[in-house]
Amino acid sequence: MSIEAIPAEKPKRNYNVLFGLTLLALLVLLWIVLSLATPSFASGNNIANLLRQGSMIAIMAVGQTFVIITGGIDLSVGAVVGFATVVVALLINAGVPIALAILITLLVGVAIGLFHGFGIVKMGLPPFIITLATLTSLRGIGLLMTNGNSININSDSFTAFSRNSFIGIPNLFWMVILVGVPAYVFLHHSRWGRYLFSVGSNAEASRLSGVNVQRTIYMAYTLSGLCAAFVGVLLAARIGIGNPTQAEGWELQAIASSVIGGTSLFGAVGSVHGPLLGAFILATINNGANLLNVNSFWQRIITGALIIIIVYFDGLRRRGK
Amino acid sequence: MTPTAQELHPAPVLEPGRTILELRGLEKRYPGTHALKPVNLAFRSGEIHAIVGENGAGKSTLIKLLTGVMPRTSGEVFWEGQPAALATPHEAMALGINAVHQEVVLCRHLTVAANMFLGEENSRFGILQQRAMVREAQKIIDDLGFDLPAHVVLGDLTIGQQQLIAAARATVRGTKFLIFDEPTAYLTRKEADQLFTLIRRLKGEGVTIIYISHRMEEVFELADRVSVLRDGTLVGTRNIAETNDAELVKMMINRSIEQVYHKEHFTPGAPIVETRNLSGKGFENISMTVRAGEIVGLYGLIGAGRSEFVTSLYGRHKKSAGQILWEGKQVQINSEHDAIKLGMALAPESRRDQGLCLNLPVGLNLNLPIYKRISSNLLISNAKEKAEADRQIAGLRIKTPTRGALASSLSGGNQQKIVIGKWLAHGAKLFIFDEPTVGVDVGTKAEIYRLFGELLSKGAGIILISSYLPEVYELADTLHVFRRGKLVATHGFNTASHEDILTQALAEKQEKLGGQT
Ligand SMILES: Nc1ncnc2c1ncn2[C@@H]1O[C@H](COP(=O)(O)OP(=O)(O)OP(=O)(O)O)[C@@H](O)[C@H]1O
Ligand SMILES: [Mg+2]
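The following paragraphs examine the structure supplied in this document. (Residues numbered from 1 in each chain as written. Chains lettered and ligands numbered in written order. Predicted model: local features only at pLDDT ≥ 70, side-chain atom pairs only at ≥ 80, totals over all residues. Heavy atoms only, no water.)

Details of the site of ligand 1
All names here are of chain B. The full set close to ligand 1 counts 21 residues, and Gly-56, Ser-60, Thr-61, Ser-411 and Gly-413 are the nearest of them. Ser-60 places a polar side-chain atom, nitrogen or oxygen, 2.7 Å from an oxygen atom of ligand 1. One of the backbone N or O atoms of Ser-409 is found 3.0 Å from an oxygen atom in ligand 1. Starting from 640 Å² of accessible surface for ligand 1 in isolation, the protein chains cover 91%. Residue assignment for the shell around ligand 1 shows that the elements contributing at least two residues are strand 2 (33-44), helix 2 (59-66) and helix 15 (412-424). (Near = heavy atom within 4 Å. Polar contact = N/O pair within 3.5 Å; in protein donor to acceptor, adjacent residues only side chain to side chain. Areas by Shrake-Rupley, 256 points an atom, 1.4 Å probe, with all protein chains shown as cover. Helix = DSSP H or I, 4+ residues; strand = E, 2+ residues; numbered from the N terminus.)

In structure tokens form, the structure reads like this:
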């Protein structure tokens, strides 16, 4: 048998890079078109604003992607963000040092993720159901804790963080890098990343190959909860209040970013750079539509259409033609 | 004999049996693989035409083109003298071309009857006539002599039984041309005989049959003519009476194989694992020992409890009673994790359901059990990951364009090699191979058996499950026969006859077995 001269390149890796470049090109194209269409788009203020808007969804989308790669879904992330704003606001107003308040809030996110893992692994609930249950009940718990009111955060140093920049780039955007780089290494260069993919592809085969499937599932939901809680902290800093009804519908934006970024809802396909780009594409569309005075109802329609178009073309390419 | 002269003729060859289907320059390219180089071949009406070739030679690809599952790259197909596009499965079926594919492609959550009539349901005013369909399906199944119920969910049947249902399904739709792609890979001898009866009967009714198999004895038993594919090229076609095993193998792999079953005998060392009266779902009271340097074969019909026994031993399923001793010490194995930590490795029975992550790269599949070893601290060593994967790909001659290709793009036999290959670098002490050579070609089989010898020489022990008697018979130092979840007989190497072992595995009546333990 002749195994014909083996071309050394990796089709999959190339494909990933190519898809990433296509998304990047789309983003750049949007920016060019919008700068030409409206003078206010390219202003430093607006760009900073856009980056802030996109950053929070981007971080959620990364956590969401880990979950989707295992073949699951996390509908709770928007509610976790809202809940986290309440937790961090209450802690800071109670005089807890800011660092500690943030740490505790992040741990709350971890706990919520562990609860999801428990529901899926031990109780055998479908991810859709358990995270949907959290979505509604977490908003309720937050409303109970605040009596339905917003909590004004009385710490300027906390809220200043979100408005400030470091070497000209908004702090919030730096947070994307802070999350994105470790996430990239984790997903593509550690064995746990490989396990996320293998569990999403075939849990039974992974299990028989010695992969701890349960732990992998716990890990995915925990990371998603953690990312969402982190975004909650950032949002609280940005708007200066804690309010459980904040971030309504953000879970759908996170899922949309992930899917636009090439993640397959069937599991086992996804990257870190894809969802990040996806989030900023969405943010750009919303921002541009605002500047162009496009009715906000239209923004939703455009987003929906974009999801269909991108995923359709991605699917065509994947099927090899 | 120069078959090429005949192949080069572009015009249809008029031969005694009317030509029913003719391929002219049929070709298929996948991205990165030239799976089928232009092939010319004519099938005669009413013949059984075998196609043989190595893993990845292009057999299944040919079938997919003929059944409209995949579009062809170029070439023409003539059906009864008329050009046929064969662009969709529907078109192929309308002509009367049906296939039983290598992997069962039916709906496992539906009943047997629903599967039999899938796409052609019997309904009245839009309401399914379920009971009528079950009745009708049962009649067809009984008529074919398969002893299977039509009302159960397909997934509850063994893979072999599902394959029979797929065959039954293919016969009921006015078939004129029926293709079997390795139908016996998962069948027991008895089921295979039922299938052969069916195939002969169809031939008697004038149906043309293509039969793909890696088992030469089946080819000689059934076929009228045989065609050999190698690397996507048709090497030749022979009348079955004018050829022999050795010639076909030579044509297939371009070299000859002296001995497929390569058996090295080692003096067995210390026991690695011992089970005492182990019971669980599907098996009862199993006591056996595997020692270093020994192959313990488990033979029985599919469903005899062998796979259940080993998966329970491996910690995947619960045991209800009994003990396990590992290297002389009693151990609890509650999960596959425990088993792997002790030093067990399992290559499971079903590559699709248990063996492979199909939509992930070949390399990832091969390395899955050893990622811990090829990671330093937190990160995977890229160099090691590549080296390990490439070593298995070369060693087992897995035919893939790169280690990055998806496992699903490999041919069936090459996928099977991944299931085995992923454990070879693991360094386990006890290897459990459940039907390791299903769908694997002769050359690679010989290679896998040689690897068994290598593992044994390093002091490992092997449990080998096979429903293909010659395999366990020629390789096992100790051969246990299973029937209905019980261990009913034990033999040494080559000490019992094939007939005896078959009777023990099959015996319907308990009294026949007096004193055979
Ligand atoms: N969907 C696909 N995409 C890319 N390559 C493919 C695809 N399907 C098959 N191939 C390649 O085409 C070649 C022929 O495959 P095919 O399945 O026809 O082999 P086969 O003769 O049936 O082998 P086996 O005996 O192992 O079943 C192989 O090299 C395989 O890797
Ligand atoms: Mg095949």
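What to know about a nonpolar patch on the surface
Where nonpolar side chains cluster on the molecular surface, the patch consists of Val-17, Leu-21, Leu-24, Val-28, Ile-32 and Leu-36 of chain A and spans about 560 Å² of accessible area. When you line up the elements, Val-17 of chain A lands in helix 1 (residues 11-37). (Patch = residues over 30% accessible without salt bridge, like charges linked within 9 Å, V, L, I, M, F, W, Y side chains within 5 Å. Salt bridge = Lys/Arg side-chain N within 4 Å of Asp/Glu carboxyl O.)

Some details on the sheet that holds strand 15 (residues 295-299) of chain B
Residue and element names in this part refer to chain B. Spatially, the 6 strands line up as an open sheet ordered 18-21-22-15-23-24, and their pairing is mixed. Edge strands, defined here as strands with exactly one partner in the open sheet, are strand 18 (344-347) and strand 24 (486-492). Adjacent strand axes in the sheet meet at a mean angle of 15 degrees when their direction is disregarded. Running at roughly 150 degrees to strand 22 (residues 461-466), helix 10 (residues 306-313) makes contact with strand 15, strand 18, strand 21 (430-434), strand 22 and strand 23 (478-483) of the sheet. Relative to the sheet, helix 16 (residues 442-457) contacts strand 15, strand 21 and strand 22, its axis offset from that of strand 22 by approximately 150 degrees. (Pairing = 2+ DSSP bridges. Axes fitted to C-alpha atoms, helices over the stretch in contact; angles between N-to-C directions. Contact = heavy atoms within 4.5 Å.)

Examining the sheet that holds strand 3 (residues 48-53) of chain B
Residue and element names in this part refer to chain B. The 6 strands are arranged 6-9-10-3-11-12 in an open sheet whose pairing can be described as mixed. The sheet is open, and its two borders are formed by strand 6 (97-100) and strand 12 (233-239), each paired with just one other strand. Strand-to-strand twist in this sheet, taken as the mean axis angle between neighbours without regard to direction, amounts to 20 degrees. The pairing of strand 9 (residues 177-181) with strand 10 (residues 208-212) spans 5 bridges and is classified as parallel. Residue pairing for strand 10: Asp-181 is matched across the bridge by Ile-212. Set on the sheet, helix 7 (residues 189-204) makes contact with strand 3, strand 9 and strand 10; between it and strand 10 the angle comes to about 150 degrees.

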